[in-house]
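# Architecture and fold: a report
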Amino acid sequence: MHNRIRRAAAVAFAASALALVAACGDGAADAKDAKPRDETSAASEPASEPLSTREAEKALLTDSDLPKGWKRDPELVIDGSEEAAPEDLLAKTADATCRPLVDLFNTGRIDADYKANAQAVFLKGKSMLTQDVSAYSPDQAERAMTALGKAIDECGTFNSRYGGGKAKVTTKTLKVDKTGDETLGLSLKVAYGDMVVDAEYGVVRDGANITNVQNNWVDDRGIEAFKKGLAKAAENLRTAQG
């Protein structure tokens, strides 16, 4: 039971709190915020080393990095996929191209084969901001970002299962500030029954390491915390690499 409660950060929390939006509207980012994904190449830069678990933990945000009112809940994590019931997870799509989006929603990561990982969950009212820091080999990190970029470009809408029934997943590019070696932004909407879960993501790769900041909300989008958190997360990721 305790593990199921900790799973709340990514999906169970979203299913209960974000269910309040029902079918009342589109909480995803406005279309005017969307543009082709923004990324930069680090081909000319030396490859970095993957972070250790301790270094990944040092790259996590703290309460003071976010606007007033946001507090970290140390009992919550994003990824609880090993303990979660199937209805609490977005089912894998048959199209392998779209699977990085499913993995991102379920675990907070875009590649399951990580060398080190740390996660943090911050709450304010019914809204939630999460961060994942994952370490890979340099080539693996680049491939994972390429796969996610392809999924954003090609998986605008696909069908899945969530909450015990059929679900429709809609993905759009999201404008985020460019930082690190590569930056990707996306909004993701999961509609199931008469309920909707909205999430925004900013994913930054710096060498062999990737951080993802996720924004979930009900009545307060928390865009200030999302932007501030993403900028600080990218800074922390680079600093943690020494």
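Report on the accompanying structure. (Residues numbered from 1 in each chain as written. Predicted model: local features only at pLDDT ≥ 70, side-chain atom pairs only at ≥ 80, totals over all residues. Heavy atoms only, no water.)

### Observations regarding the overall build of the chain
The test is simple: Every helix listed is a DSSP run of H or I at least four residues long, and every strand listed is a run of E at least two residues long, numbered separately from the N terminus. Contacts are residue-level and defined by heavy atoms, with any inter-residue pair within 4.5 Å sufficient. Surface accessibility follows the Shrake-Rupley procedure with a 1.4 Å probe radius. Residue values consider only the protein chains on display as shielding.
When its secondary structure is counted, the chain shows six helices and eight strands. Tracing the chain from N to C terminus, the helices and strands come up as α-α-α-β-α-β-β-α-β-β-β-β-β-α. Across the chain, every contact between residues at least 6 apart in sequence was considered, and the portion connecting residues at least 24 apart equals 70%. Of the accessible surface of the chain, which amounts to about 11,000 Å², a share of 48% is contributed by carbon and sulfur atoms.

### As for the packing of aromatic side chains
So the rule is basically this: The criterion for an aromatic pair is that two Phe, Tyr or Trp rings (for Trp, the six-membered ring) have centres within 6.5 Å, with stacked assigned to planes under 30 degrees apart, edge-to-face to planes over 60 apart and tilted to the rest. Per-residue accessibility, obtained with a 1.4 Å probe over protein chains only, is compared with the maximum for each type, and a residue is labelled buried under 20%, exposed over 50%, and partly exposed between these values.
A complete count under the given rule lists two aromatic pairs for this structure. Each ring, one from Phe105 and one from Tyr162, has its centre 5.7 Å from the other, and the planes form 85 degrees; the classification is edge-to-face. Placement of the pair is Phe105 in helix H4 (residues 99-107) and Tyr162 in strand E4 (residues 157-162), with a sequence separation of 57 residues. The same class applies to Phe105 and to Tyr162, which are both buried. On the basis of an interplanar angle of 90 degrees and a centroid distance of 4.8 Å, the ring pair of Tyr162 and Tyr192 is categorised as edge-to-face. Of the two residues, Tyr162 sits in strand E4 while Tyr192 sits in strand E6 (residues 182-192), which places them 30 residues apart along the sequence. Residue classification places Tyr162 among the buried residues on the basis of a relative accessible area of 1%. For Tyr192, a relative accessible area of 6% puts it in the buried group. One aromatic cluster in this structure is built from Phe105, Tyr162 and Tyr192.

### Observations concerning the nonpolar core
To keep things clear, this is the line we draw: Throughout, nonpolar core names a set of buried Ala, Val, Leu, Ile, Met, Phe, Trp, Tyr and Cys residues whose side chains join them through atoms within 4.5 Å.
Grouped together as the largest cluster of nonpolar side chains are 29 residues, with contacts concentrated most on Leu101, Phe105, Leu148, Tyr162, Val190, Tyr201 and Ile210. For this core, the secondary structure elements donating two or more residues are H4, helix H5 (138-154), E4, strand E5 (165-173), E6 and strand E7 (195-206). The greatest single-element share of this core, amounting to six residues, is contributed by H5. Once residues within four sequence positions are removed from consideration, Tyr201 is found in contact with Leu104, Phe105, Leu174, Val176, Leu184, Gly185, Leu186, Leu188, Asn212, Val213, Gln214 and Phe226. Core analysis: the second largest hydrophobic core is formed by 25 residues, Ala120, Phe122, Val213 and Ala240 among them.

### Looking at the environment of Ser134
The cut-off we apply is this: N or O atoms closer than or at 3.5 Å make up a polar contact, with two conditions inside protein: a donor-capable atom paired with an acceptor-capable one, and, for residues adjacent in sequence, both atoms drawn from side chains.
Within the secondary structure layout, Ser134 lies in strand E3 (residues 127-135). The exposure class assigned to Ser134 is buried, which follows from its relative accessible area of 1%. Spatially, the C-alpha atom of Ser134 lies 5.9 Å from that of Asn209, the residues being 75 residues apart in sequence. Once you skip the residues sitting within four places of it in the chain, Ser134 turns out to touch Arg109, Tyr114, Ala116, Asn117, Ala208, Asn209 and Ile210. Engagement of the side chain of Ser134 in a polar contact is seen with the side chain of Asn117, the distance being 2.9 Å.

### Focus on the packing of H4 against H5
Condition: Lines fitted to the C-alpha atoms define the axes, with helices restricted to the stretch that makes contact. Angles between their N-to-C directions range from 0 to 180 degrees. By definition in this entry, angles of less than 35 degrees are roughly parallel, angles greater than 145 are roughly antiparallel, angles of 65 to 115 are roughly perpendicular, and the rest are oblique. Note that Gly is not counted as nonpolar here; it falls among the polar residues with everything else outside the nonpolar set of Ala, Val, Leu, Ile, Met, Phe, Trp, Tyr, Cys and Pro and the charged set of Asp, Glu, Lys and Arg.
Packing of H4 against H5 brings their axes to within 8 Å, and their N-to-C directions diverge by 105 degrees. Considered as vectors, H4 and H5 are oriented roughly perpendicular to each other. Counted together, Pro100, Leu101 and Leu104 of H4 and Ala147, Leu148, Ala151 and Ile152 of H5 form the full contact between these two elements. Here the residues of the contact of H4 with H5 sort into seven nonpolar, no polar and no charged.

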